[in-house]
Every structure is written in structure tokens, then in C-alpha cells.
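# Summary of structural features
One letter stands for each residue in the lines below.
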Amino acid sequence: MTDLSRRKLIKTGLAAATGIAGLGVGASLAKKYGLIPPDHAGIWGVGETLNYASYRLLANHSMAREFARSEISSRPLANEIAPPGEAFLKLQAGGFTDWRLAVDGMVDRPGAFSLAQLKSYPSRTQITQLSCEEGWSYVAEWKGVPLSQVLEVAGIRPRARYVVYFSIEPGWWDSIDMGDALHPQTYLAYGMNGGDLPVGNGGPLRMRVPRQLGYKSVKFITRLTVTDDLKKFGKGLGSASPESGYAWYAGV
Ligand SMILES: Nc1nc2c(c(=O)[nH]1)N[C@H]1C(S)=C(S)[C@@H](COP(=O)(O)O)O[C@H]1N2
Ligand SMILES: [Mo]
């Protein structure tokens, strides 16, 4: 099934599920269930809101497609990155032993995790596709710790709704809702195709969100914060992406 027909089906499915043809009721359902994306400025009924809400209502527990080992791309594309800054180069020179993932916000036990600590939790692997909004993609085997594991260790508070994550690379930060944060395929990834995660692909640590476009998989993660309110971050749109015209919710 093509992407387009799948999207159509999901939208039709939402309309059918709500028993109406108009978009207005879908939008009010979205409002009722807290499914208005943060980059939507309160205008409901079309576009992003319906897309986000319909995915969340109908596909909340779906899994990103997993591939066979034979389908791993022979040359995983490393998207162009800005030259690493001084802070990164210093950490790299030390073999990333001083790399830390700070975890704070609405958690009972804020703290900072070293890579060794992250690797001490049971690791998982997935062979999934990373799709860039520009049209290219690759399949790789990702290794890491499910984000849910780290959130469990930190103890998320009941009212938490989003996880915001920050790169050491200036300007790169994003967020996901708890549905994606606790999803079994959402990883803090430190390995790729059997080795360490290459710096070009976001090593030593990146977010991996296979159910959304590549830009949600932010590289060089050094901090995550749990929150109930995305308005406090940046321009209040949930991530840096909508500030330059890309949707906060980027389901694939
Ligand atoms: N810190 C940081 N994270 C980033 C980017 C970036 O430039 N810097 N590019 C994003 C985009 S647009 C894509 S498509 C993917 C590319 O991942 P890849 O380099 O493994 O191909 O990383 C995402 N994460
Ligand atoms: Mo991208």
C-alpha cells in the first residue's frame, strides 16, 4: 500500500470511527483527547491536527516496520552535519567517557547517565528505516536502550506528557509525546550495524524514533527533560523543526 493510500485510509477510518464525514468532529475529538499538536496555534480541523490525532487514535500501538538483515543498506547515509564544536571534540578526544545524558524535569530521580550506565541496561536492536523528509532513506540495525527504560529509572511523574531532548549541536532539539516516548521501538541508540554508532550518524548517542521522520531522531543527545508543557521551550512549538516550517509530528 502506498503511503498516500495508507494516509487516506487512516483519515477515512477516523471519520468512520467517529461516524461523521466532516473534519470538525474529528478536530473536536482531537481537542478532547489532548491531541492538538503544539505547533498548531489553536486552529483545528485540517492538516497537522487531523493527521496527528488520527494516527494517535488509530495507530497508537502500531510498530514501525522491521526489516530483514539482508535488507540493511550497504552504505547508510550519514546526513551532513555541522562541524562538531569544541565541547564535542573534547569529549570525543576522551573516548566519550565523560559524555553524559542529563535527565531532569518531571521525574522523581533526576540525574546524569554515562554511556557505560546506559549500556548496562538490557540492550535491544531493531532493523528499521530512517527516512529523511528530503526523500532519501536507509535501513540499518540500531542498538540501544529503550527510552522507556531510562524514564523508568528516573521515575516519570503521572502528569508528564512529553519528553524534550537536546543535542550538544546548537539549535537541535525536539520532543515527542509519551505515546512515542514509551513506545518499545523508541531508543536512545548507541550502536549501528554491529559497531558503535558513528559520529556521522549521531554517535555516541542519538534519539531513534522510527515511527517518525528522520529529523525527530536527533543526534548527539546530552539532555532530556520531561514536561507537561511544551510552551516553555524555544518558541513554544514543541521543537526547532516547526520554527522552520517542518511539522512537530512527523509520522511515517
Ligand atoms: N544534531 C543533529 N541531529 C540531526 C540532524 C542534524 O543535522 N543534527 N539531522 C536530522 C535529519 S534532517 C535527519 S534526516 C537525520 C539523518 O540521520 P543520518 O545522519 O543517520 O542519516 O538526523 C536528524 N538528526
Ligand atoms: Mo532529514
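Let us look at the structure shown here.

## Points about the nonpolar core
In this structure, L101, L147, V163, Y165, L188, L205 and L224 are the most contacted members of the largest nonpolar core, which totals 33 residues. Broken down by secondary-structure element, the contributors of at least two residues to this core are α4 (86-93), β1 (100-105), α5 (115-120), α6 (147-154), β5 (162-167), α7 (178-181), β7 (187-192) and β10 (221-227). Ranked by residues supplied to this core, first place goes to α6 with four residues. Apart from residues no more than four positions distant in its own chain, L101 is found in contact with G111, A112, F113, L118, L188, L205, I221, T222, R223 and L224.

## A few points about the layout of surface pockets
Considered as a void within the structure, the second largest pocket measures approximately 440 Å³ in volume. Around the second largest pocket, the lining comprises 27 residues; the ones closest to its centre are N79, E133, W172, G214 and Y215.

## A word on the site of ligand 1
Within the structure, ligand 1 sits among 22 residues, and L77, N79, Y138, E169 and K219 are positioned closest to it. At 3.4 Å, a side-chain N or O of S167 approaches a nitrogen atom of ligand 1. At a separation of 2.8 Å, an oxygen atom of ligand 1 approaches a polar side-chain atom of R206. Coverage of ligand 1 by the protein chains reaches 96% of its 530 Å² of free accessible surface. More than half of the atoms belonging to ligand 1 lie within 2 Å of the grid points that define the second largest pocket.

Parameters at a glance
Residues numbered from 1 in each chain as written. Chains lettered and ligands numbered in written order. Predicted model: local features only at pLDDT ≥ 70, side-chain atom pairs only at ≥ 80, totals over all residues. Heavy atoms only, no water. Core = buried A, V, L, I, M, F, W, Y, C linked by side-chain atoms within 4.5 Å. Buried < 20%, exposed > 50% of the residue type's maximum accessible area, 1.4 Å probe, protein only. Helix = DSSP H or I, 4+ residues; strand = E, 2+ residues; numbered from the N terminus. Contact = heavy atoms within 4.5 Å. 1 Å grid on protein atoms, 1.4 Å probe; cavity = no way out; pocket = protein on both sides within 12 Å on 5 of 7 lines; lining within 4 Å. Points joined across faces, edges and corners; volume = space filled by probe spheres on them. Near = heavy atom within 4 Å. Polar contact = N/O pair within 3.5 Å; in protein donor to acceptor, adjacent residues only side chain to side chain. Areas by Shrake-Rupley, 256 points an atom, 1.4 Å probe, with all protein chains shown as cover. Sits in = over half its atoms within 2 Å of the grid points.

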